[in-house]
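# Fold and contact review
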Amino acid sequence: MKRLTYNEGAVIVEQDASMSSLMIVRNGVVAVEREVEGIMADETRLAPGDLFGERGVLLGAAEPARVRALTFVVVYQIGKEDLASVMRDRPTLAEELGLLLAKRIENERQFIESHRHPDEGQPTSIAERIRHLFEVPHAEHH
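Conventions we followed
- Residues numbered from 1 in each chain as written.
- Predicted model: local features only at pLDDT ≥ 70, side-chain atom pairs only at ≥ 80, totals over all residues.
- Heavy atoms only, no water.
- Helix = DSSP H or I, 4+ residues; strand = E, 2+ residues; numbered from the N terminus.
- Contact = heavy atoms within 4.5 Å.
- Areas by Shrake-Rupley, 256 points an atom, 1.4 Å probe, with all protein chains shown as cover.
- Pairing = 2+ DSSP bridges.
- Axes fitted to C-alpha atoms, helices over the stretch in contact; angles between N-to-C directions.
- Polar contact = N/O pair within 3.5 Å; in protein donor to acceptor, adjacent residues only side chain to side chain.
- Patch = residues over 30% accessible without salt bridge, like charges linked within 9 Å, V, L, I, M, F, W, Y side chains within 5 Å.
- Salt bridge = Lys/Arg side-chain N within 4 Å of Asp/Glu carboxyl O.
- Buried < 20%, exposed > 50% of the residue type's maximum accessible area, 1.4 Å probe, protein only.

This next bit is on the overall build of the protein. On a plain count of helices and strands, the protein comes out with 4 helices and 8 strands. In the protein, once contacts between residues fewer than 6 apart in sequence are set aside, the share between residues at least 24 apart is 71%. Element-wise, carbon and sulfur atoms account for 53% of the exposed surface of the protein, whose accessible area totals about 9,100 Å².

The 4 strands are arranged β2-β7-β4-β5 in an open sheet whose pairing can be described as antiparallel. Two strands in the sheet have a free side with no partner beyond their single neighbour: β2 (11-13) and β5 (39-46). Averaged over neighbouring strand pairs, the angle between their axes works out to 35° when direction is ignored. Pairing of strand β4 (residues 30-36) with β5 involves 7 bridges; the strand directions are antiparallel. Along β5, the bridge assignment pairs Ala31 with Arg45.

Turning next to the environment of Ile105. Examined against the element boundaries, Ile105 turns out to sit in helix α3 (residues 92-114). Distance in space between the C-alpha atoms of Ile105 and Arg55 is 9.4 Å, their sequence separation being 50 residues.

A few words now on the environment of Asp42. For Asp42, the position within the fold is in strand β5. Placed 11 residues apart in sequence, Asp42 and Ala31 show a C-alpha to C-alpha distance of 6.6 Å. Once you skip the residues sitting within four places of it in the chain, Asp42 turns out to touch Ala31, Val32, Glu33 and Phe111. A polar contact of 2.5 Å, which involves the side chain of Asp42, links it to the side chain of Arg45.

What follows concerns a nonpolar patch on the surface. Judged by side-chain polarity, Leu58, Leu59 and Ile105 come together as a nonpolar surface patch covering roughly 250 Å² of accessible area. With respect to the helices and strands, Leu59 occurs in helix α1 (residues 54-59). Residue class for Leu59 comes out exposed when judged on its relative accessible area of 55%.

This next bit is on the pairing of strand β7 (residues 66-69). Where β2 lies against β7, 2 bridges are found, and the strand directions are antiparallel. By the bridge assignment, Val11 is partnered in β7 with Arg68. The pairing of β4 with β7 spans 4 bridges and is antiparallel. Looking at β7, one finds that Val32 is bridged to Val67.

A few words now on the pattern of salt bridges. Between side chains of opposite charge, a pair can form when the charged atoms approach closely. Per the counting criterion, the structure on display carries 6 salt bridges. Across the pair Arg66 and Glu33 runs a salt bridge whose closest N-O atoms are separated by 2.7 Å. Here Glu33 lies in strand β4 and Arg66 lies in strand β7, a separation of 33 residues in the sequence. For Glu33, a relative accessible area of 4% translates into the label buried.

The following block contains the structure:
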């Protein structure tokens with residue numbers, strides 16, 4: 001692993017960049033931000049123990065969001081070849097990373113849905129948003 005440091009506000013990964021390393025947050029807080037209609041919106045935050053870059057390492061796909069240091073951040077970088085070696089020694093790691101990636105993709109889908117325009121089907125009232133979030137049907141009035 002390679003130890004990297006980033007100062008507060010530094011962009012670690014640009015949106016749409018392709019990563020060839022898995023990054024594990026050791027210290028600090030990282031924001032995962034996605035551009036929505038020209039404005040950067042926080043998608044999630046990462047803390048020590050969290051990781052990012054799995055999409056590029058596992059799928060060869062670009063990162064859908066920008067990753068930025070909110071505080072002074074220390075990350076450990078594990079290159080694709082080193083990660084492959086670890087996965088050969090511990091095959092369950094591939095499954096764990098796959099589950100993490102699937103969960104992240106689902107969270108991204110929900111983030112995108114929550115930032116759609118009202119004319120695209122997003123609930124407009126707070127009650128409608130709650131019903132949408134919890135998949136509760138409309139109550140019938142008698």
